[in-house]
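Descriptive structure summary
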Amino acid sequence: MTATVALSLVPVPVAAASPAASGPAASAAEPVCYSEPSTPTADISDLKARFGASNWMPTLQEMYRRRWPSGEKLAIAQAGDKYWTQFVNTKSFDGFAESMMVAIHEETHMWDLDGSRTKWNVHTAAWINASRQATTVPLHGGFPRKEILPLITDKLSDSMDGIYLRDSQQGSYLLQGVLAELNAGLTGLPAATVVQEYIKGVGASNARDIAATNLRYLLLYLRVAKDKHPDYWAKIKNEPKLRELVLTQFLRTAYWLDKSAPYTGKLGSPNADKITALNYSPANLAIVEEFTGATVRRDTDKHCTT
């Protein structure tokens, strides 16, 4: 697995389909939007000036405290994890910022899949944002995710398909794997987006593709569940926490793909937008709406329901 961002599903007036302040999750029957605090223009030049290999963790936390509080809270929660150093570039501040896409992605996996929170294929957890984390979300097993391959008839996600679907081990993962990769992708994307001006190389160049592709996998997984595994479909459709998580991730993907859109090229390929267009195909919209009971917006406020 590879490297959510703070999530808030909040009720909004039907007429004012714009992000609202953070609050408790709302039922799918009410109009809701996904949003979370971020200030990507906050000054961090002083952090760059004094950055060094010995102070990278305090720098990471302060950088995100100013620009993306969810990243700060995740870093605090995972500060004791010994694997950070495998993902973080401490040679320069620019390299450090660029490495955050992978580092935050991977540390999301570490938080989500910790044995105290997740029982593989039974129930899962998801770090959504600083104010909300999903826990003990029932999974009921599932079927190998490689079963979605016949529904992918293009090459837009081919490199990721090879890793996650065609690989003999990865392709055998069930719904647990699908949800875990999407959640990590949805933290890796904002982690890079809010420090994009410091990214000079290719270390975060597929951040948008990862988010769009893993949402694609989830939507196709639900379609295969309904069409090929009706008993399993009935089980998961009867789990409110899972339905809420799916809606959250759908709206959250829209939110961060929109925020990162100006940086296509640096944070993603043009295929990310092509995959997103397919994610809004009639068949995919129908499955997310049937599963969650919500109607998602098709206009510029795609991070909202109606």
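The model shown is predicted, which means the values in this text are computed figures rather than measured ones.

1. Some details on the overall build of the chain
- Helix and strand counts for the chain come out as 12 helices and 4 strands.
- The C-alpha radius of gyration computed for the chain amounts to 18 Å, which stays within 12% of the reference 19 Å derived for 306 residues, consistent with globular compactness.
- Seen through its principal axes, the chain has C-alpha atoms that stretch 55 × 50 × 40 Å.
- Taken across its 306 residues, the chain has 56% of its residues classed as buried.

2. Quick word on the packing of aromatic side chains
- For the coordinates displayed, the defined rule picks out 14 aromatic pairs.
- Relative to Tyr255, the ring of Tyr34 has its centre 5.5 Å away and its plane inclined at 70 degrees; by these criteria the two rings are edge-to-face. Of this pair, Tyr34 sits in strand β2 (residues 32-34) while Tyr255 is found in helix α10 (residues 240-260), placing the two residues 221 residues apart along the sequence.
- When the ring of Tyr64 is compared with that of Trp68, the centres are 5.1 Å apart and the planes differ by 85 degrees; the resulting orientation is edge-to-face. Across the pair, Trp68 and Tyr64 agree in class, each one buried.
- Ring pairing ties together the aromatic residues Phe51, Phe93, Phe96 and Tyr198, which thus form one cluster.
- The lysine or arginine in question, Arg117, covers the ring of Trp111, its NZ or CZ lying 4.0 Å from the ring centre.
- Note that Lys302 overlies the ring of Tyr280, its terminal NZ or CZ placed 5.6 Å from the centroid.

3. Comments concerning the pattern of salt bridges
- Applying the stated rule across the entire model yields 14 salt bridges.
- One salt bridge connects Asp46 with Arg50, and the closest N-O pair in it is separated by 3.4 Å.
- What makes Asp46 partly exposed here is its relative accessible area of 26%.
- Notably, a salt bridge pairs Arg298 with Glu289, separated by 2.5 Å at the nearest N-O pair.

Basis of the calculations
Residues numbered from 1 in each chain as written. Predicted model: local features only at pLDDT ≥ 70, side-chain atom pairs only at ≥ 80, totals over all residues. Heavy atoms only, no water. Helix = DSSP H or I, 4+ residues; strand = E, 2+ residues; numbered from the N terminus. Rg over C-alpha atoms; globule rule 2.2 N^0.38 Å. Buried < 20%, exposed > 50% of the residue type's maximum accessible area, 1.4 Å probe, protein only. Phe/Tyr/Trp six-rings, centres within 6.5 Å; stacked < 30°, edge-to-face > 60°. Lys NZ or Arg CZ within 6 Å of the ring centre and 35° of its normal. Salt bridge = Lys/Arg side-chain N within 4 Å of Asp/Glu carboxyl O.

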